Amino acid sequence: MAGTVLLALPASRMELLFGVLVLLGVVMSVSGFRPQPIPSVLLSAGTLSGIMGTVASVGGPPMALVYQGARGARIRST
């Protein structure tokens, strides 16, 4: 999917798209929006994180939004 984004968008549009996505994440975080880590949300955040990580090397924000209110034991894999 990230390859499709890379092929379909010119560089100038890609910069704008991912800049807007990161700013949208900041607005969502500041506004107090707390998505619940349910399977559909995790799938969406993981997919968006993978695409953003591949295309722009900024893959953390979608997953960080989902887990920003979680306790450490919930976030850690061990």
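Computed from a prediction, not measured in an experiment: that's the story for all the values here.

1. Examining a nonpolar patch on the surface
Then, number 1: Together, Val-22, Val-26, Val-30 and Val-58 give the surface a local cluster of nonpolar side chains, amounting to about 310 Å² of exposed area.
Then, number 2: Position of Val-58 among the secondary structure elements: in the loop between helix 3 (39-56) and helix 4 (60-67).
Then, number 3: On the basis of relative accessibility, which here comes to 33%, the residue Val-58 falls in the partly exposed class.

2. Topic: the packing of helix 3 against helix 4
Then, number 1: Running from amino to carboxyl end, helix 3 crosses helix 4 at an angle of 155°, the nearest separation of the two axes being 7 Å. Taken as axis vectors, helix 3 and helix 4 run roughly antiparallel relative to one another. Together, Val-41, Leu-42, Ala-45, Gly-46, Leu-48, Ser-49 and Met-52 of helix 3 and Gly-60, Pro-62, Met-63, Val-66 and Tyr-67 of helix 4 make up the contact between the two elements.
Then, number 2: The class makeup of the residues in the contact of helix 3 with helix 4 is nine nonpolar, three polar and no charged.

3. A few points about the nonpolar core
Then, number 1: Membership of the largest hydrophobic core is limited to seven residues, which are Ala-2, Val-5, Met-14, Phe-18, Ile-51, Met-52 and Val-55.
Then, number 2: Contributions of two or more residues to this core are made by helix 1 (2-8), helix 2 (11-30) and helix 3.
Then, number 3: Tallying contributions element by element places helix 3 first for this core, with three residues.

Criteria and thresholds
Residues numbered from 1 in each chain as written. Predicted model: local features only at pLDDT ≥ 70, side-chain atom pairs only at ≥ 80, totals over all residues. Heavy atoms only, no water. Patch = residues over 30% accessible without salt bridge, like charges linked within 9 Å, V, L, I, M, F, W, Y side chains within 5 Å. Areas by Shrake-Rupley, 256 points an atom, 1.4 Å probe, with all protein chains shown as cover. Salt bridge = Lys/Arg side-chain N within 4 Å of Asp/Glu carboxyl O. Helix = DSSP H or I, 4+ residues; strand = E, 2+ residues; numbered from the N terminus. Buried < 20%, exposed > 50% of the residue type's maximum accessible area, 1.4 Å probe, protein only. Axes fitted to C-alpha atoms, helices over the stretch in contact; angles between N-to-C directions. Parallel < 35°, antiparallel > 145°, perpendicular 65-115°, else oblique. Contact = heavy atoms within 4.5 Å. Nonpolar A, V, L, I, M, F, W, Y, C, P; charged D, E, K, R; others polar. Core = buried A, V, L, I, M, F, W, Y, C linked by side-chain atoms within 4.5 Å.

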